[in-house]
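One-letter residues, chain by chain:
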Amino acid sequence: MVVKGSQVTVIGAGIAGLAVARALALRGAEVTVLEQAPEIREVGAGLQITPNGHRILAALGLEAEAEREGTRAEAVELIDGETGGQVLKLDLLKQRPAQPFRFFHRADLVTLLAEGARAAGVEIRLLQKIEGVTLGQGRPRLRTAQGAEVEVDLLIGADGLHSKVREALCGKVAPFFTHQVAWRATLSAEPGIRPVAQVFMGEGRHVVSYPLRGGRQRNIVAVEERRRWAEESWSLTDDPLALRIAFEDFVPEVRGWLDRIERPNLWGLFRHPVAERWYGHGAAILGDAAHPTLPFLAQGANMALEDAWVLASTLSDAASPEEGLAAYQAARQARARRIVAAANANATNYHLSGVRRDLAHAGLKLLNRFAPATMLNRFDWLYSHDVTA
Ligand SMILES: Cc1cc2nc3c(=O)[nH]c(=O)nc-3n(C[C@H](O)[C@H](O)[C@H](O)COP(=O)(O)OP(=O)(O)OC[C@H]3O[C@@H](n4cnc5c(N)ncnc54)[C@H](O)[C@@H]3O)c2cc1C
(Lines give C-alpha, C1' and ligand atoms only; values in the text may rest on other atoms or scores of the structure.)
Protein backbone atom coordinates (compact mmCIF):
# COMPACT_ATOMS: atom_id res chain seq x y z
CA MET A 1 0.00 0.00 0.00
CA VAL A 2 1.25 3.48 -0.70
CA VAL A 3 1.23 4.84 2.84
CA LYS A 4 2.66 8.21 1.76
CA GLY A 5 -0.23 10.63 1.37
CA SER A 6 -2.88 8.12 2.52
CA GLN A 7 -5.44 9.33 5.05
CA VAL A 8 -5.66 7.38 8.30
CA THR A 9 -8.05 7.98 11.21
CA VAL A 10 -7.14 6.54 14.60
CA ILE A 11 -9.63 6.39 17.48
CA GLY A 12 -7.92 6.69 20.87
CA ALA A 13 -4.89 8.69 22.03
CA GLY A 14 -3.57 6.01 24.37
CA ILE A 15 -0.28 4.17 23.94
CA ALA A 16 -1.43 2.09 20.95
CA GLY A 17 -3.09 4.98 19.10
CA LEU A 18 -0.27 7.46 19.52
CA ALA A 19 2.44 4.94 18.64
CA VAL A 20 0.72 3.78 15.45
CA ALA A 21 -0.03 7.40 14.54
CA ARG A 22 3.65 8.36 14.76
CA ALA A 23 4.77 5.19 12.98
CA LEU A 24 2.43 5.86 10.03
CA ALA A 25 3.11 9.60 9.93
CA LEU A 26 6.86 8.92 9.76
CA ARG A 27 6.09 6.85 6.64
CA GLY A 28 4.25 9.80 5.10
CA ALA A 29 0.59 9.11 6.01
CA GLU A 30 -1.76 11.94 6.96
CA VAL A 31 -2.98 10.81 10.36
CA THR A 32 -5.77 12.19 12.55
CA VAL A 33 -6.27 10.86 16.09
CA LEU A 34 -9.73 11.27 17.66
CA GLU A 35 -9.69 11.15 21.47
CA GLN A 36 -12.70 11.42 23.76
CA ALA A 37 -10.85 13.03 26.69
CA PRO A 38 -10.75 16.83 26.95
CA GLU A 39 -6.96 16.76 27.31
CA ILE A 40 -3.98 14.43 27.38
CA ARG A 41 -3.77 14.49 31.14
CA GLU A 42 -2.31 12.98 34.27
CA VAL A 43 -4.21 9.67 34.32
CA GLY A 44 -3.19 6.20 35.37
CA ALA A 45 -0.27 5.06 37.46
CA GLY A 46 2.83 3.00 36.69
CA LEU A 47 3.56 0.91 33.60
CA GLN A 48 6.55 -1.29 32.90
CA ILE A 49 8.15 -1.10 29.46
CA THR A 50 10.08 -4.30 28.96
CA PRO A 51 12.84 -4.75 26.31
CA ASN A 52 10.37 -5.94 23.64
CA GLY A 53 8.39 -2.70 24.03
CA HIS A 54 11.46 -0.51 24.38
CA ARG A 55 12.67 -1.59 20.94
CA ILE A 56 9.64 0.10 19.41
CA LEU A 57 10.24 3.37 21.28
CA ALA A 58 13.79 3.27 19.90
CA ALA A 59 12.61 2.46 16.36
CA LEU A 60 10.15 5.38 16.58
CA GLY A 61 13.12 7.65 17.33
CA LEU A 62 12.03 8.25 20.93
CA GLU A 63 14.84 6.51 22.79
CA ALA A 64 16.34 9.66 24.33
CA GLU A 65 12.89 10.77 25.55
CA ALA A 66 12.24 7.29 26.99
CA GLU A 67 15.58 7.38 28.82
CA ARG A 68 14.71 10.79 30.24
CA GLU A 69 11.17 9.92 31.39
CA GLY A 70 11.60 6.29 32.41
CA THR A 71 13.41 4.78 35.39
CA ARG A 72 15.77 1.98 34.41
CA ALA A 73 14.96 -1.18 36.38
CA GLU A 74 17.86 -3.06 37.94
CA ALA A 75 15.99 -6.14 39.10
CA VAL A 76 12.69 -7.87 39.81
CA GLU A 77 12.44 -9.46 43.26
CA LEU A 78 9.86 -11.99 44.45
CA ILE A 79 9.43 -11.73 48.22
CA ASP A 80 7.35 -13.60 50.80
CA GLY A 81 4.82 -10.94 51.85
CA GLU A 82 4.41 -12.30 55.37
CA THR A 83 8.08 -12.83 56.31
CA GLY A 84 9.88 -10.42 53.96
CA GLY A 85 12.26 -13.22 52.89
CA GLN A 86 13.52 -13.09 49.30
CA VAL A 87 12.30 -15.97 47.12
CA LEU A 88 13.86 -15.01 43.78
CA LYS A 89 15.78 -12.17 42.17
CA LEU A 90 15.89 -11.52 38.43
CA ASP A 91 19.04 -9.45 38.05
CA LEU A 92 18.15 -7.53 34.89
CA LEU A 93 21.11 -5.18 34.88
CA LYS A 94 23.68 -7.92 35.40
CA GLN A 95 22.15 -10.61 33.22
CA ARG A 96 20.64 -8.47 30.43
CA PRO A 97 22.65 -5.21 30.40
CA ALA A 98 21.81 -4.47 26.76
CA GLN A 99 18.05 -4.88 27.20
CA PRO A 100 16.51 -1.81 28.83
CA PHE A 101 13.57 -2.41 31.15
CA ARG A 102 11.98 0.80 32.43
CA PHE A 103 9.25 2.01 34.78
CA PHE A 104 7.05 4.86 33.51
CA HIS A 105 4.18 6.86 34.83
CA ARG A 106 1.48 6.21 32.21
CA ALA A 107 0.90 9.96 31.83
CA ASP A 108 4.59 10.55 30.99
CA LEU A 109 4.64 7.80 28.37
CA VAL A 110 1.40 9.08 26.80
CA THR A 111 2.75 12.66 26.77
CA LEU A 112 6.02 11.54 25.22
CA LEU A 113 4.16 9.63 22.48
CA ALA A 114 1.72 12.52 21.90
CA GLU A 115 4.62 14.96 21.45
CA GLY A 116 6.29 12.45 19.11
CA ALA A 117 3.09 12.05 17.09
CA ARG A 118 2.53 15.82 16.78
CA ALA A 119 6.17 16.34 15.78
CA ALA A 120 5.64 13.83 12.94
CA GLY A 121 2.63 15.85 11.71
CA VAL A 122 -0.23 13.93 13.37
CA GLU A 123 -3.35 15.96 14.21
CA ILE A 124 -4.73 14.99 17.65
CA ARG A 125 -8.34 16.11 18.09
CA LEU A 126 -9.61 16.05 21.67
CA LEU A 127 -13.23 15.89 22.91
CA GLN A 128 -14.08 13.55 20.00
CA LYS A 129 -16.02 10.69 21.56
CA ILE A 130 -17.03 8.15 18.93
CA GLU A 131 -20.40 6.63 19.71
CA GLY A 132 -21.02 4.56 16.59
CA VAL A 133 -18.88 2.73 14.05
CA THR A 134 -20.43 1.25 10.89
CA LEU A 135 -18.38 -1.16 8.79
CA GLY A 136 -19.26 -3.11 5.64
CA GLN A 137 -21.30 -0.47 3.83
CA GLY A 138 -18.65 1.30 1.76
CA ARG A 139 -16.04 3.29 3.69
CA PRO A 140 -15.90 3.04 7.52
CA ARG A 141 -18.42 5.49 9.01
CA LEU A 142 -18.14 7.16 12.43
CA ARG A 143 -20.76 8.92 14.53
CA THR A 144 -19.50 11.35 17.17
CA ALA A 145 -21.18 12.14 20.49
CA GLN A 146 -22.11 15.53 19.01
CA GLY A 147 -24.09 13.68 16.30
CA ALA A 148 -21.71 14.35 13.39
CA GLU A 149 -21.32 11.51 10.85
CA VAL A 150 -18.01 11.15 8.99
CA GLU A 151 -16.65 8.63 6.51
CA VAL A 152 -12.95 7.81 6.64
CA ASP A 153 -10.48 5.96 4.40
CA LEU A 154 -8.57 3.69 6.77
CA LEU A 155 -9.84 3.38 10.34
CA ILE A 156 -7.65 2.20 13.22
CA GLY A 157 -9.38 1.33 16.48
CA ALA A 158 -7.00 2.01 19.38
CA ASP A 159 -9.97 2.66 21.65
CA GLY A 160 -9.06 0.35 24.50
CA LEU A 161 -11.06 -2.06 26.63
CA HIS A 162 -14.54 -1.03 25.50
CA SER A 163 -13.63 -0.62 21.83
CA LYS A 164 -16.40 0.46 19.46
CA VAL A 165 -14.32 -0.65 16.47
CA ARG A 166 -13.90 -4.16 17.93
CA GLU A 167 -17.64 -4.35 18.51
CA ALA A 168 -18.31 -3.35 14.88
CA LEU A 169 -15.84 -5.99 13.64
CA CYS A 170 -16.54 -8.90 15.98
CA GLY A 171 -19.81 -8.16 17.80
CA LYS A 172 -20.18 -7.79 21.56
CA VAL A 173 -18.12 -10.01 23.84
CA ALA A 174 -18.91 -10.90 27.42
CA PRO A 175 -15.79 -10.65 29.58
CA PHE A 176 -15.91 -12.48 32.90
CA PHE A 177 -14.91 -11.26 36.33
CA THR A 178 -11.86 -13.16 37.58
CA HIS A 179 -12.79 -12.50 41.22
CA GLN A 180 -9.59 -10.52 41.52
CA VAL A 181 -9.33 -6.79 42.13
CA ALA A 182 -6.34 -4.48 41.88
CA TRP A 183 -5.91 -1.32 43.92
CA ARG A 184 -3.58 1.19 42.27
CA ALA A 185 -1.91 4.25 43.78
CA THR A 186 1.22 6.36 43.66
CA LEU A 187 2.94 7.75 46.76
CA SER A 188 5.77 10.16 47.31
CA ALA A 189 8.81 7.91 47.64
CA GLU A 190 11.22 7.83 50.55
CA PRO A 191 14.83 8.87 49.68
CA GLY A 192 17.01 6.06 48.38
CA ILE A 193 14.19 3.95 46.88
CA ARG A 194 15.84 1.20 44.83
CA PRO A 195 15.11 0.86 41.08
CA VAL A 196 13.64 -2.58 41.60
CA ALA A 197 10.18 -4.09 41.03
CA GLN A 198 9.27 -5.90 44.24
CA VAL A 199 6.48 -8.48 44.27
CA PHE A 200 5.32 -9.36 47.80
CA MET A 201 3.37 -12.62 47.60
CA GLY A 202 0.75 -14.00 49.98
CA GLU A 203 -2.09 -16.51 49.85
CA GLY A 204 -4.60 -15.20 47.30
CA ARG A 205 -2.90 -11.78 47.27
CA HIS A 206 0.17 -9.87 46.18
CA VAL A 207 1.55 -6.33 46.18
CA VAL A 208 3.83 -4.92 43.46
CA SER A 209 5.90 -1.82 44.09
CA TYR A 210 8.45 0.09 42.01
CA PRO A 211 9.77 3.66 41.69
CA LEU A 212 8.56 6.21 39.16
CA ARG A 213 9.77 9.61 37.95
CA GLY A 214 13.43 9.25 38.87
CA GLY A 215 12.57 7.86 42.30
CA ARG A 216 10.28 10.70 43.40
CA GLN A 217 7.21 8.42 43.46
CA ARG A 218 6.44 4.85 44.45
CA ASN A 219 3.90 2.92 42.36
CA ILE A 220 1.73 0.41 44.18
CA VAL A 221 -0.53 -2.27 42.72
CA ALA A 222 -2.17 -4.57 45.27
CA VAL A 223 -4.15 -7.56 44.02
CA GLU A 224 -6.61 -9.64 46.03
CA GLU A 225 -8.81 -12.62 45.15
CA ARG A 226 -12.31 -12.09 46.45
CA ARG A 227 -15.95 -13.03 45.88
CA ARG A 228 -17.35 -9.49 45.80
CA TRP A 229 -17.80 -7.91 42.36
CA ALA A 230 -15.88 -4.80 41.24
CA GLU A 231 -16.28 -2.75 38.09
CA GLU A 232 -13.75 -2.83 35.26
CA SER A 233 -12.78 0.82 35.37
CA TRP A 234 -9.66 3.02 35.39
CA SER A 235 -11.29 5.76 37.45
CA LEU A 236 -13.18 4.11 40.34
CA THR A 237 -11.82 4.83 43.83
CA ASP A 238 -12.14 2.75 46.99
CA ASP A 239 -12.01 3.06 50.78
CA PRO A 240 -8.31 2.75 51.76
CA LEU A 241 -9.37 0.71 54.79
CA ALA A 242 -10.39 -2.21 52.54
CA LEU A 243 -6.87 -2.22 51.08
CA ARG A 244 -5.20 -2.08 54.50
CA ILE A 245 -7.33 -4.92 55.88
CA ALA A 246 -6.55 -7.14 52.88
CA PHE A 247 -2.80 -6.91 53.62
CA GLU A 248 -2.82 -6.50 57.41
CA ASP A 249 -0.54 -9.53 57.93
CA PHE A 250 2.07 -8.38 55.39
CA VAL A 251 5.48 -7.08 56.51
CA PRO A 252 5.60 -3.60 58.15
CA GLU A 253 7.38 -2.12 55.12
CA VAL A 254 4.36 -2.89 52.89
CA ARG A 255 1.81 -1.92 55.55
CA GLY A 256 3.59 1.41 55.96
CA TRP A 257 3.10 2.18 52.25
CA LEU A 258 -0.55 1.13 52.29
CA ASP A 259 -1.20 3.26 55.40
CA ARG A 260 -0.18 6.34 53.42
CA ILE A 261 -2.62 5.71 50.54
CA GLU A 262 -5.66 7.97 50.86
CA ARG A 263 -7.61 7.36 47.63
CA PRO A 264 -6.70 4.07 45.94
CA ASN A 265 -8.13 3.34 42.50
CA LEU A 266 -10.01 0.06 42.37
CA TRP A 267 -9.87 -1.97 39.18
CA GLY A 268 -11.97 -5.13 38.79
CA LEU A 269 -9.92 -7.65 36.79
CA PHE A 270 -11.81 -9.26 33.90
CA ARG A 271 -10.76 -11.80 31.31
CA HIS A 272 -11.59 -10.93 27.71
CA PRO A 273 -11.03 -13.28 24.82
CA VAL A 274 -8.43 -12.16 22.26
CA ALA A 275 -10.42 -10.85 19.26
CA GLU A 276 -11.00 -13.43 16.51
CA ARG A 277 -10.82 -10.77 13.80
CA TRP A 278 -8.42 -7.86 13.93
CA TYR A 279 -9.33 -6.26 10.59
CA GLY A 280 -12.00 -6.00 7.91
CA HIS A 281 -13.92 -3.47 5.75
CA GLY A 282 -11.09 -0.91 5.88
CA ALA A 283 -10.60 -1.04 9.65
CA ALA A 284 -8.19 -2.64 12.12
CA ILE A 285 -7.86 -2.87 15.90
CA LEU A 286 -4.80 -2.96 18.13
CA GLY A 287 -3.72 -2.78 21.77
CA ASP A 288 -6.39 -3.36 24.41
CA ALA A 289 -9.06 -3.08 21.72
CA ALA A 290 -7.80 -6.39 20.29
CA HIS A 291 -6.47 -8.19 23.38
CA PRO A 292 -7.05 -6.77 26.86
CA THR A 293 -4.83 -8.63 29.29
CA LEU A 294 -4.56 -9.14 33.02
CA PRO A 295 -1.66 -7.09 34.43
CA PHE A 296 0.36 -10.04 35.82
CA LEU A 297 3.02 -10.02 33.11
CA ALA A 298 3.09 -6.21 32.63
CA GLN A 299 2.51 -6.55 28.88
CA GLY A 300 -0.54 -4.37 28.08
CA ALA A 301 1.47 -1.36 26.96
CA ASN A 302 4.25 -3.49 25.44
CA MET A 303 1.83 -5.43 23.25
CA ALA A 304 0.23 -2.13 22.19
CA LEU A 305 3.66 -0.84 21.06
CA GLU A 306 4.46 -4.10 19.22
CA ASP A 307 1.09 -4.03 17.43
CA ALA A 308 1.58 -0.40 16.42
CA TRP A 309 4.95 -1.05 14.82
CA VAL A 310 3.81 -4.20 13.01
CA LEU A 311 0.62 -2.57 11.71
CA ALA A 312 2.52 0.39 10.25
CA SER A 313 5.16 -1.89 8.68
CA THR A 314 2.78 -4.44 7.18
CA LEU A 315 0.66 -1.64 5.69
CA SER A 316 3.67 -0.01 4.09
CA ASP A 317 5.11 -3.31 2.80
CA ALA A 318 1.87 -4.63 1.24
CA ALA A 319 0.43 -4.08 -2.22
CA SER A 320 -3.00 -3.13 -0.83
CA PRO A 321 -4.48 -2.13 2.56
CA GLU A 322 -6.37 -5.46 2.79
CA GLU A 323 -3.15 -7.41 2.24
CA GLY A 324 -1.33 -5.29 4.83
CA LEU A 325 -4.07 -5.74 7.41
CA ALA A 326 -4.16 -9.52 6.85
CA ALA A 327 -0.38 -9.69 7.30
CA TYR A 328 -0.73 -7.65 10.50
CA GLN A 329 -3.21 -10.07 12.07
CA ALA A 330 -1.15 -13.07 10.92
CA ALA A 331 1.97 -11.61 12.53
CA ARG A 332 0.39 -10.66 15.85
CA GLN A 333 -2.54 -12.83 16.89
CA ALA A 334 -0.70 -15.96 18.08
CA ARG A 335 1.80 -13.94 20.12
CA ALA A 336 -0.98 -11.93 21.77
CA ARG A 337 -2.78 -15.18 22.68
CA ARG A 338 0.39 -16.60 24.20
CA ILE A 339 1.09 -13.48 26.27
CA VAL A 340 -2.51 -13.20 27.52
CA ALA A 341 -2.46 -16.89 28.55
CA ALA A 342 0.88 -16.45 30.36
CA ALA A 343 -0.47 -13.41 32.25
CA ASN A 344 -3.55 -15.41 33.29
CA ALA A 345 -1.31 -18.17 34.68
CA ASN A 346 0.95 -15.81 36.60
CA ALA A 347 -1.79 -14.75 39.03
CA THR A 348 -2.04 -18.32 40.26
CA ASN A 349 1.73 -18.58 40.66
CA TYR A 350 1.87 -15.50 42.90
CA HIS A 351 -1.12 -16.54 45.04
CA LEU A 352 -0.28 -20.12 46.04
CA SER A 353 -1.13 -21.44 49.48
CA GLY A 354 -0.23 -24.34 51.78
CA VAL A 355 2.10 -27.11 50.65
CA ARG A 356 2.08 -25.97 47.00
CA ARG A 357 3.35 -22.58 48.07
CA ASP A 358 6.08 -24.09 50.32
CA LEU A 359 7.28 -26.37 47.52
CA ALA A 360 7.19 -23.64 44.85
CA HIS A 361 9.05 -21.15 47.03
CA ALA A 362 11.66 -23.75 48.02
CA GLY A 363 12.21 -24.59 44.32
CA LEU A 364 12.61 -20.92 43.39
CA LYS A 365 15.06 -20.33 46.24
CA LEU A 366 17.20 -23.23 45.01
CA LEU A 367 17.15 -21.83 41.47
CA ASN A 368 18.07 -18.41 42.82
CA ARG A 369 21.06 -19.86 44.61
CA PHE A 370 22.45 -22.31 42.06
CA ALA A 371 21.19 -21.18 38.63
CA PRO A 372 20.13 -17.53 38.91
CA ALA A 373 20.01 -17.01 35.13
CA THR A 374 17.48 -19.80 34.58
CA MET A 375 14.33 -17.85 35.41
CA LEU A 376 15.23 -14.91 33.20
CA ASN A 377 16.01 -17.32 30.32
CA ARG A 378 12.40 -18.49 30.61
CA PHE A 379 11.27 -14.99 29.62
CA ASP A 380 13.45 -14.80 26.51
CA TRP A 381 10.47 -15.62 24.23
CA LEU A 382 8.83 -12.48 25.62
CA TYR A 383 11.58 -9.92 26.15
CA SER A 384 13.93 -10.85 23.28
CA HIS A 385 11.18 -10.66 20.65
CA ASP A 386 12.08 -7.89 18.20
CA VAL A 387 9.30 -6.80 15.87
CA THR A 388 11.54 -4.05 14.45
CA ALA A 389 14.24 -6.45 13.24
C1 LIG B 1 -7.33 6.33 31.99
C2 LIG B 1 -6.47 5.10 31.90
C3 LIG B 1 -5.63 4.78 32.96
C4 LIG B 1 -4.85 3.62 32.90
N5 LIG B 1 -4.02 3.34 33.94
C6 LIG B 1 -3.23 2.25 33.89
C7 LIG B 1 -2.34 1.96 34.96
O8 LIG B 1 -2.27 2.68 35.94
N9 LIG B 1 -1.57 0.84 34.88
C10 LIG B 1 -1.65 0.01 33.78
O11 LIG B 1 -0.93 -0.99 33.73
N12 LIG B 1 -2.46 0.27 32.75
C13 LIG B 1 -3.25 1.37 32.78
N14 LIG B 1 -4.08 1.65 31.73
C15 LIG B 1 -4.14 0.69 30.61
C16 LIG B 1 -2.95 0.72 29.70
O17 LIG B 1 -2.66 2.01 29.29
C18 LIG B 1 -3.32 -0.16 28.52
O19 LIG B 1 -3.61 -1.46 28.95
C20 LIG B 1 -2.20 -0.35 27.52
O21 LIG B 1 -1.32 0.70 27.52
C22 LIG B 1 -2.78 -0.53 26.12
O23 LIG B 1 -3.10 0.75 25.62
P24 LIG B 1 -4.20 1.09 24.55
O25 LIG B 1 -3.70 2.32 23.86
O26 LIG B 1 -4.56 -0.09 23.74
O27 LIG B 1 -5.49 1.43 25.42
P28 LIG B 1 -5.76 2.62 26.43
O29 LIG B 1 -4.54 3.03 27.13
O30 LIG B 1 -6.94 2.20 27.21
O31 LIG B 1 -6.20 3.86 25.48
C32 LIG B 1 -7.44 3.93 24.80
C33 LIG B 1 -7.72 5.38 24.46
O34 LIG B 1 -8.88 5.45 23.65
C35 LIG B 1 -9.74 6.45 24.15
N36 LIG B 1 -11.11 6.06 23.78
C37 LIG B 1 -11.78 4.97 24.21
N38 LIG B 1 -13.01 4.91 23.67
C39 LIG B 1 -13.12 6.01 22.87
C40 LIG B 1 -14.16 6.51 22.04
N41 LIG B 1 -15.33 5.87 21.94
N42 LIG B 1 -13.94 7.66 21.36
C43 LIG B 1 -12.76 8.32 21.45
N44 LIG B 1 -11.74 7.90 22.24
C45 LIG B 1 -11.91 6.75 22.92
C46 LIG B 1 -9.48 6.45 25.64
O47 LIG B 1 -9.88 7.66 26.26
C48 LIG B 1 -7.98 6.22 25.70
O49 LIG B 1 -7.27 7.43 25.61
C50 LIG B 1 -4.91 2.77 31.75
C51 LIG B 1 -5.75 3.10 30.68
C52 LIG B 1 -6.53 4.26 30.73
C53 LIG B 1 -7.44 4.62 29.56
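Preceding block: the structure.
A quick note: this is a predicted structure, and the numbers were derived from the prediction, not measured. (Residues numbered from 1 in each chain as written. Predicted model: local features only at pLDDT ≥ 70, side-chain atom pairs only at ≥ 80, totals over all residues. Heavy atoms only, no water.)

Student: Could you give an account of the environment of G121, naming the residues involved and the relevant values?
Tutor: With respect to the element layout, G121 can be found in the loop between α5 (106-119) and β8 (123-125). Sequence-wise, G121 and A343 are 222 residues apart; in three dimensions their C-alpha atoms are separated by 36 Å. (Helix = DSSP H or I, 4+ residues; strand = E, 2+ residues; numbered from the N terminus.)

Student: I'd love a proper account of unusual backbone geometry, names of residues and values included.
Tutor: Despite not being glycine, H281 has its phi angle at roughly 55 degrees, a positive value. Mapped onto the elements, H281 comes out in the loop between β18 (279-280) and β19 (283-285). Owing to a relative accessible area of 42%, H281 belongs among the partly exposed residues under this scheme. Despite not being glycine, A298 has its phi angle at roughly 55 degrees, a positive value. Following the sequence through the fold, A298 ends up in the loop between β19 and α9 (300-317). (Buried < 20%, exposed > 50% of the residue type's maximum accessible area, 1.4 Å probe, protein only.)

Student: Tell me what's going on with the sheet that holds strand β12 (residues 154-157), and back it up with residues and numbers.
Tutor: The strand order across the open sheet built from 6 strands is β8-β2-β1-β12-β19-β18, with neighbouring strands paired in mixed fashion. Single-partner strands in this sheet number two, and they are β8 and β18. The pairing of strand β1 (residues 7-11) with β12 spans 4 bridges and is parallel. Residue pairing for β12: T9 is matched across the bridge by L155. (Pairing = 2+ DSSP bridges.)

Student: Before we move on, can you summarise the site of the ligand with the specific residues and values?
Tutor: Residues in close proximity to the ligand total 28 residues, the closest being E35, A45, R106, R184 and D288. A distance of 3.1 Å is found between an oxygen atom of the ligand and a backbone nitrogen or oxygen belonging to I15. Taking Q36, its side chain carries an N or O atom lying 3.1 Å from an oxygen atom of the ligand. Taking 910 Å² as the accessible area of the ligand by itself, protein coverage stands at 87%. Elements with a contribution of two residues or more to the shell around the ligand: α1 (15-26), β3 (46-49) and α9. Looking at which element gives the most residues to the shell around the ligand, the answer is α9, with 3 residues. Here the shell around the ligand is composed, by residue class, of 13 nonpolar, 9 polar and 6 charged. (Near = heavy atom within 4 Å. Polar contact = N/O pair within 3.5 Å; in protein donor to acceptor, adjacent residues only side chain to side chain. Areas by Shrake-Rupley, 256 points an atom, 1.4 Å probe, with all protein chains shown as cover. Nonpolar A, V, L, I, M, F, W, Y, C, P; charged D, E, K, R; others polar.)

Student: Quick rundown of empty space enclosed by the protein? Include the residues and the values.
Tutor: Under the definition given, this model contains 1 cavity of 30 Å³ or more. Put simply, the largest cavity is a space of about 40 Å³. In terms of lining residues, the largest cavity is bounded by P51, L92, R96, Q99, F101, L376 and Y383. (1 Å grid on protein atoms, 1.4 Å probe; cavity = no way out; pocket = protein on both sides within 12 Å on 5 of 7 lines; lining within 4 Å. Points joined across faces, edges and corners; volume = space filled by probe spheres on them.)

Student: Describe α1, naming the residues involved and giving the relevant values.
Tutor: Taking 1.5 Å of rise per residue, the 12 residues of α1 would be expected to cover 16 Å, and the 17 Å separating its terminal C-alpha atoms lies within 8% of that figure. The buried count for α1 comes to 11 of 12 residues, which makes it a mostly enclosed element. If you check which residues of α1 are buried, you get I15, A16, G17, L18, A19, V20, A21, R22, A23, L24 and A25. (Expected span 1.5 Å × (residues − 1).)

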